[in-house]
Amino acid sequence: MVRFQLVTVLTSAVLSALLTSLLSTPVLEAAPRNSFPGRRVGGGTRGECAARPVVHLVPVSNVFAPGAARLIALLEGPSPQPQPLEITLRSASADGNADPDAAPLMQKQLPAAVNRVVVLSIPAAAVPMLWESSYRCGADGGGDEFGFITTSAPPARSLLLPNAENQPEPFDLAALKAACGSSTPLAPLKATLQLDDDVIDDSWPEQVTVQCF
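Residues numbered from 1 in each chain as written. Predicted model: local features only at pLDDT ≥ 70, side-chain atom pairs only at ≥ 80, totals over all residues. Heavy atoms only, no water.

Colleague: Quick one: what's the story with the sheet that holds strand β8 (residues 129-135), residue by residue and with numbers?
Modeller: Read across the open sheet, the five strands follow the order β3-β9-β8-β5-β6; overall the sheet is mixed. The sheet is open, and its two borders are formed by β3 (63-64) and β6 (106-110), each paired with just one other strand. The pairing of β8 with strand β9 (residues 156-160) spans five bridges and is antiparallel. Across the sheet, methionine 129 pairs through a bridge with leucine 160, a residue of β9. (Pairing = 2+ DSSP bridges. Helix = DSSP H or I, 4+ residues; strand = E, 2+ residues; numbered from the N terminus.)

Colleague: Which residues make up the pairing of strand β4 (residues 71-76), and what values do they have?
Modeller: With six of six residues buried, β4 lies mostly within the body of the structure. Across the two faces of β4 the burial is the same, with Leu71, Ala73 and Leu75 and Ile72, Leu74 and Glu76 all buried. Relative to strand β7 (residues 116-121), β4 runs antiparallel, the two being bridged by six bridges. The residue of β7 that forms the bridge with leucine 74 is valine 118. (Buried < 20%, exposed > 50% of the residue type's maximum accessible area, 1.4 Å probe, protein only.)

Colleague: Can you break down the side chain of arginine 40 residue by residue, with the values?
Modeller: Relative to the assigned elements, arginine 40 resides in the loop between α1 (2-24) and β1 (41-43). Notably, arginine 40 is buried but unbridged: the nearest opposite-charge side chain belongs to aspartate 196, and the N-O separation is 8.1 Å. Within the structure, the side chain of arginine 40 is placed 2.6 Å from the backbone oxygen of leucine 193, a separation counted as a polar contact. (Lys, Arg positive; Asp, Glu negative; His and termini not counted. Salt bridge = Lys/Arg side-chain N within 4 Å of Asp/Glu carboxyl O. Polar contact = N/O pair within 3.5 Å; in protein donor to acceptor, adjacent residues only side chain to side chain.)

Colleague: Account for the state of the cysteines, with residues named and values stated.
Modeller: Counted by the stated rule, this structure contains one disulfide. Here cysteine 180 engages in a disulfide with cysteine 212; their sulfurs sit 1.5 Å apart. One disulfide, between cysteine 180 and cysteine 212, carries an S-S torsion of -50° and so falls in the left-handed class. Taken together, the positions of cysteine 180 in the loop between α2 (173-177) and β10 (183-185) and cysteine 212 in strand β11 (residues 207-212) put the pair 32 residues apart, joining distant regions of the chain. Taking relative accessible area as the criterion, cysteine 180 reaches 31% and is therefore assigned partly exposed. (Disulfide = S-S within 2.5 Å.)

Colleague: Quick rundown of the sheet that holds β1? Include the residues and the values.
Modeller: What the six strands build is an open sheet, ordered β1-β2-β4-β7-β11-β10; its pairing is mixed. The outermost strands of the open sheet, each flanked by one partner alone, are β1 and β10. Geometrically, the sheet is characterised by an average inter-axis angle of 25° between neighbouring strands, direction not taken into account. Across three bridges, the pairing between β1 and strand β2 (residues 53-56) is antiparallel. When the sheet's bridge partners are listed, glycine 42 is paired in β2 with valine 54. (Axes fitted to C-alpha atoms, helices over the stretch in contact; angles between N-to-C directions.)

Spelled out as structure tokens, the structure:
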């Protein structure tokens, strides 16, 4: 009972700190525009793998500065047949254009899971980065004749800005990272990130696990 009470208090404190930071963070600007036209919500197409969304925990502007903590986070929901998730970071221009032929600054595949918030440590970068997250649909099928695994759902795509002088403070994802291995309520995240019922519906649980990589 004592252990349960301590975990509950820790989770509530971490969530309170995160939401305070989210609500107080001003809109980030990526010259020459103050928003990025990519989708912070990926997936959502038909098929068991691609139907569930993957959600970047970024402002509605879809522009985010990881800051000195170098942390980003995303949200995954329920699925009867979850698939691995691939995270890719590429150097980009200030408007989010990236060279698809350039080697990624980071490429990581996460094991399949459901109902979780993922917190990721990323490399430092002096330039903007294009962040893409997509499910590896068909991973169990072995891919095409050359062994490549393809995606069948649009990725979540956001713009990450470098930590620079006079730049707004980033979200306090370090507080969320402190909750790794426990769980956190979903409803406050949904409200703060302004996600509607088309993204997070009744099939999602009230609590999601926090995992760090």
